[in-house]
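Structural characterization, general
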Amino acid sequence: IATVVGAAFGKPLLGDSEIVELLGGITVFTFLPYCHLRGSNVLVDFFTQRLPGRVQNWLDATMNLVFAAVAVALTWRLIEGGITVFERDKRSMFLQLPDWWGYSIGAVAMLLWIVVCLFVAWERLQQARGADGEIVLGGDTGQRGGEDDAFVRPRFEAQAIHAVDEAERAVAGE
């Protein structure tokens, strides 16, 4: 709005698109680990929905390891790009903001995403093996499955999600 109003009076707000671009990229990177931990990413289970829960957990563990490998490659390239941008002192056009700090925040978020991918893979392996868990109805977890589809969910995952929910309520002021 400030840009449109400013342009109407011949004084546009320069650099607003740079701020939006940078903060948008940072936002996407920082939400990747959070969404992955919550199981909020897109799930296509058309071919696997009828498989037993144990097989689904093995497949989920495998895919989380693949996710981690892809995240490692992306993180590596993000770090390399950030180092190059830092060495060349690349800056935004209007505000002259250094570009490297956006890369560094993204790289830290990607490292956290790798940890989350490995954690979820380990967790699914534990579920597939039936180790250290409690039975939780699928409808209560946000995971695939209906009301009658129970699967094993380790206690520490439920505690971690409970802690995230508590933090969200505290931030929201509830």
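In this text, all values refer to a predicted model and were calculated from it rather than measured experimentally.

How each quantity is defined
- Residues numbered from 1 in each chain as written.
- Predicted model: local features only at pLDDT ≥ 70, side-chain atom pairs only at ≥ 80, totals over all residues.
- Heavy atoms only, no water.
- Helix = DSSP H or I, 4+ residues; strand = E, 2+ residues; numbered from the N terminus.
- Buried < 20%, exposed > 50% of the residue type's maximum accessible area, 1.4 Å probe, protein only.
- Contact = heavy atoms within 4.5 Å.
- Areas by Shrake-Rupley, 256 points an atom, 1.4 Å probe, with all protein chains shown as cover.
- Lys, Arg positive; Asp, Glu negative; His and termini not counted.
- Salt bridge = Lys/Arg side-chain N within 4 Å of Asp/Glu carboxyl O.
- Polar contact = N/O pair within 3.5 Å; in protein donor to acceptor, adjacent residues only side chain to side chain.
- Expected span 1.5 Å × (residues − 1).
- pLDDT = per-residue confidence, 0-100.
- Phe/Tyr/Trp six-rings, centres within 6.5 Å; stacked < 30°, edge-to-face > 60°.
- 1 Å grid on protein atoms, 1.4 Å probe; cavity = no way out; pocket = protein on both sides within 12 Å on 5 of 7 lines; lining within 4 Å.
- Points joined across faces, edges and corners; volume = space filled by probe spheres on them.
- Nonpolar A, V, L, I, M, F, W, Y, C, P; charged D, E, K, R; others polar.
- Core = buried A, V, L, I, M, F, W, Y, C linked by side-chain atoms within 4.5 Å.
- Patch = residues over 30% accessible without salt bridge, like charges linked within 9 Å, V, L, I, M, F, W, Y side chains within 5 Å.

Scanning the protein chain from N- to C-terminus turns up five helices and two strands. Secondary structure elements in the protein chain, listed N-terminal to C-terminal, are α-α-α-α-β-β-α. For the protein chain, buried positions account for 29% of its 174 residues. Sequence separation of 24 or more characterises 62% of the internal contacts of the protein chain that already satisfy a separation of 6 or more. Accessible surface, the protein chain: about 11,400 Å² in total, of which carbon and sulfur atoms supply 67%.

This part is about the side chain of Glu18. Among the secondary structure elements, Glu18 is positioned in helix α2 (residues 16-38). No salt bridge is formed by the buried Glu18; its nearest oppositely charged neighbour, Lys90, is found at 9.3 Å. Here Met93 takes part through its backbone nitrogen, which lies 2.9 Å from a polar atom of the side chain of Glu18. Those residues in contact with Glu18, other than ones at most four positions away along the chain, are Ser92, Met93, Phe94 and Leu95.

Counted at 1.5 Å a residue, the expected span for helix α3 (residues 53-87) with its 35 residues is 51 Å, and the 50 Å between its end C-alpha atoms agrees. Residues of α3 that are buried include every one of Gln56, Asn57, Asp60, Ala61, Asn64, Ala68, Ala71, Thr75, Leu78, Gly82 and Val85, and no others. Tucked into the core, α3 has its buried residues touching α2 and α4 (100-129).

Our focus in this paragraph is the pattern of salt bridges. It is possible for side chains bearing opposite charge to pair when their charged atoms get close. This structure, assessed with the given rule, holds three salt bridges. The closest approach of N and O atoms between Glu123 and Arg124, which form a salt bridge, is 3.0 Å. On the accessibility criterion, Arg124 (7% relative accessible area) is buried.

A few words now on the confidence of the model for the protein chain. On average, residues of the protein chain score 82 in pLDDT, and 81% of them reach the 70 mark or higher. Element-level mean pLDDT values for the protein chain span from 41 in strand β1 (residues 133-137) up to 95 in α3. The model gives residues 132-153 a pLDDT under 50, and that stretch makes 48 contacts with residues more than four places away or in other chains.

One pass over the full model with this rule turns up four aromatic pairs. Both rings, one in Phe46 and one in Phe47, keep their centres 5.1 Å apart while their planes meet at 85°; by these two values the pair is edge-to-face. The exposure class assigned to Phe46 is exposed, which follows from its relative accessible area of 60%. What makes Phe47 exposed here is its relative accessible area of 75%.

It is a probe the size of a water molecule, rolled over the atoms, that shows where empty space is left. In this structure, the second largest pocket encloses a volume near 350 Å³. Forming the boundary of the second largest pocket are 17 residues, of which Glu21, Leu22, Asp99, Gly102 and Tyr103 lie nearest the centre. Breaking the lining of the second largest pocket down by element, the ones donating at least two residues are α2, α3 and α4. The element contributing the most residues to the lining of the second largest pocket is α2, with six residues. In terms of residue class, the lining of the second largest pocket is made up of 10 nonpolar, three polar and four charged.

In terms of nonpolar packing, the biggest core is built from eight residues, these being Ala68, Ala71, Leu78, Ala107, Met110, Trp113, Ile114 and Cys117. Where this core is concerned, the elements lending two or more residues are α3 and α4. Counting residues per element, this core draws most heavily on α4, which supplies five residues.

There is a patch of nonpolar side chains on the surface, built from Leu14, Ile19, Leu23, Met93, Phe94 and Leu95 and spanning about 600 Å² of accessible area. When you line up the elements, Leu14 lands in the loop between α1 (2-8) and α2. On the accessibility criterion, Leu14 (52% relative accessible area) is exposed.

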